[in-house]
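Chain and residue survey
If you want the building blocks of each chain, they are given just below.
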Amino acid sequence: MQPKHKSDFIYGTRAVIEAIESGKELDKLMIQKDARNELVSELLKLCRDFSVPVQRVPIEKLNRVTRKNHQGVVAFLSSVVFASLDNLISEAYQKGESPFFIVLDRVTDVRNFGAIARTAECAGVHGIIVPSRGSAQVGSDAMKTSAGALNYIPVCRADNLKVTIKGLKENGIQVIACSEKTEETIYEKDFSGPVALLMGSEEDGISPEYLKLCDGHAKLPIIGQIESLNVSVATGIITYEIIRQRTK
């Protein structure tokens with residue numbers, strides 16, 4: 001799908017290298033799968049150094065983004081500067097606050113991501129954590145959908161979500177999965193302490209490997225015939241249950 005805003009991406013090997021070196025934040029890099037030369041090697045090294053996610057794709061996918069001379073390289077710009085999770089955790093504890101994070105496992109719809117960011121900012125969530133691969137692009141569409149909330153809510157990018165979940169737990173933060181695979185509802189769960197809320201993808205929910213790592217599961221009670229809620233709506237409901245428990 002072609003981006004709606006030209007400012008969302010840049011193309012050409014040298015242009016992308018210069019963008020990274022100048023400090024621009026990249027959401028991801030798409031590079032032609034058979035591209036091999038010295039300049040490409042330099043670009044890939046920069047991506048590793050600056051933790052830029054890289055996808056090897058066929059040239060047809062690049063041509064759908066732009067028909068201009070992209071040289072097999074297209075980079076998508078991020079609308080935010082990604083934050084350090086360690087710093088956010090430390091800052092929350094130093095302020096005497098109980099950390100509250102939202103972790104998104106493969107939420108790919110930019111409208112859902114933007115809506116979640118808007119709710120999180122309104123609720124005073126300390127940060128949103130997304131995987132470096134397989135998540136919604138944090139571009140101008142996400143910024144618009146969030147109603148500008150992405151200017152204020154920190155977003156952290158995790159290279160390995162399993163390691164990140166373990167790190168949250170090591171910092172005294174219980175990780176709770178929103179999952180129907182439990183009898184305990186969100187109204188029975190104690191969210192008063194440090195918590196990270198894990199929400200799953202629109203297609204198949206939370207990955208089994210992450211479910212196993214969680215300290216607990218909680219579900220939304222479903223009374224009607226449809227089995228599940230939209231992920232942004234579900235996140236909003238649970239987020240404000242957490243806020244209710246903390247402010248009662």
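This write-up is about the structure you can find in this document. (Residues numbered from 1 in each chain as written. Predicted model: local features only at pLDDT ≥ 70, side-chain atom pairs only at ≥ 80, totals over all residues. Heavy atoms only, no water.)

1. Describing the nonpolar core
- Core analysis: the largest hydrophobic core is formed by 34 residues, its most contacted members being Leu-104, Phe-113, Ile-128, Leu-150, Phe-191, Met-199 and Ile-238.
- For this core, the secondary-structure elements that each account for two or more residues are strand 5 (100–104), helix 5 (110–123), strand 6 (127–131), helix 6 (140–145), strand 8 (174–178), strand 9 (195–199) and helix 9 (231–247).
- Considering each element in turn, this core owes the most residues, five residues, to helix 5.
- When sequence neighbours within four positions are dropped, the list of residues in contact with Ile-128 reads Ile-102, Leu-104, Phe-113, Ile-116, Ala-117, Ala-120, Ile-153, Pro-154, Val-155 and Cys-156. (Core = buried A, V, L, I, M, F, W, Y, C linked by side-chain atoms within 4.5 Å. Buried < 20%, exposed > 50% of the residue type's maximum accessible area, 1.4 Å probe, protein only. Helix = DSSP H or I, 4+ residues; strand = E, 2+ residues; numbered from the N terminus. Contact = heavy atoms within 4.5 Å.)

2. Digging into the packing of aromatic side chains
- Per the stated rule, a full pass over the model turns up two aromatic pairs.
- Here the aromatic rings of Phe-9 and Tyr-11 are separated by 6.4 Å at their centres, their planes lie at 40°, and the arrangement is tilted.
- Classification of Tyr-11 as partly exposed rests on a relative accessible area of 29%.
- For the ring pair Phe-9 and Phe-76, a centre distance of 6.3 Å and an interplane angle of 45° mean the geometry is tilted. Here Phe-76 lies in strand 4 (residues 73–77) and Phe-9 lies in strand 1 (residues 9–11), a separation of 67 residues in the sequence.
- Take Phe-9: its relative accessible area is 11%, and that puts it in the buried class.
- Residue Phe-76 is classed as buried on the basis of its relative accessible area of 5%.
- Joined through ring pairs, the aromatic side chains of Phe-9, Tyr-11 and Phe-76 make up one cluster.
- The ring of Phe-76 has Lys-28 sitting right over it, with the charged end atom 5.3 Å from the ring centre. (Phe/Tyr/Trp six-rings, centres within 6.5 Å; stacked < 30°, edge-to-face > 60°. Lys NZ or Arg CZ within 6 Å of the ring centre and 35° of its normal.)

3. Looking at the sheet that holds strand 2 (residues 26–32)
- With mixed pairing, four strands are arranged side by side in an open sheet as 1-4-2-3. Each edge of the open sheet is held by one strand with a lone partner, namely strand 1 and strand 3 (54–57). Neighbour-to-neighbour, the strand axes of the sheet open up by a mean angle of 20°, direction not taken into account.
- Pairing of strand 1 with strand 4 involves three bridges; the strand directions are antiparallel. In the strand pairing of strand 4, Tyr-11 is matched with Val-74.
- Taken strand by strand, helix 1 (residues 13–21) contacts strand 1, strand 2 and strand 4, and its axis lies near 130° from that of strand 1. (Pairing = 2+ DSSP bridges. Axes fitted to C-alpha atoms, helices over the stretch in contact; angles between N-to-C directions.)

4. A look at helix 5
- The end-to-end C-alpha distance of helix 5, which contains 14 residues, comes to 20 Å, matching closely the 20 Å that a straight helix rising 1.5 Å per residue would cover.
- Every buried residue of helix 5 is listed here: Asn-112, Phe-113, Gly-114, Ile-116, Ala-117, Thr-119, Ala-120 and Ala-123.
- Those residues of helix 5 that are buried lie in contact with strand 5, strand 6, helix 6, strand 7 (155–158) and helix 9.
- N-cap assignment for helix 5: the residue whose side-chain oxygen lies 2.7 Å from the backbone N of Arg-111 is Asp-109.
- At the exit of helix 5 stands Gly-124, carrying a positive phi of roughly 75°. (Expected span 1.5 Å × (residues − 1). Polar contact = N/O pair within 3.5 Å; in protein donor to acceptor, adjacent residues only side chain to side chain.)

5. Remarks on the packing of helix 1 against helix 2 (residues 38–49)
- Running from N to C, helix 1 and helix 2 point in directions that differ by 30°, and their axes come no closer than 10 Å. With respect to helix 2, the axis of helix 1 lies roughly parallel. Where helix 1 crosses over helix 2, the two elements pack in a sense that is left-handed. For the pair helix 1 and helix 2, contact is made by Thr-13, Arg-14, Val-16, Ile-17, Ile-20 and Glu-21 and by Leu-39, Val-40, Glu-42, Leu-43, Leu-46 and Cys-47, respectively.
- Its residues placed into classes, the contact of helix 1 with helix 2 shows eight nonpolar, one polar and three charged. (Parallel < 35°, antiparallel > 145°, perpendicular 65-115°, else oblique. Left-handed = near helix turned anticlockwise from the far one by under 90°. Nonpolar A, V, L, I, M, F, W, Y, C, P; charged D, E, K, R; others polar.)

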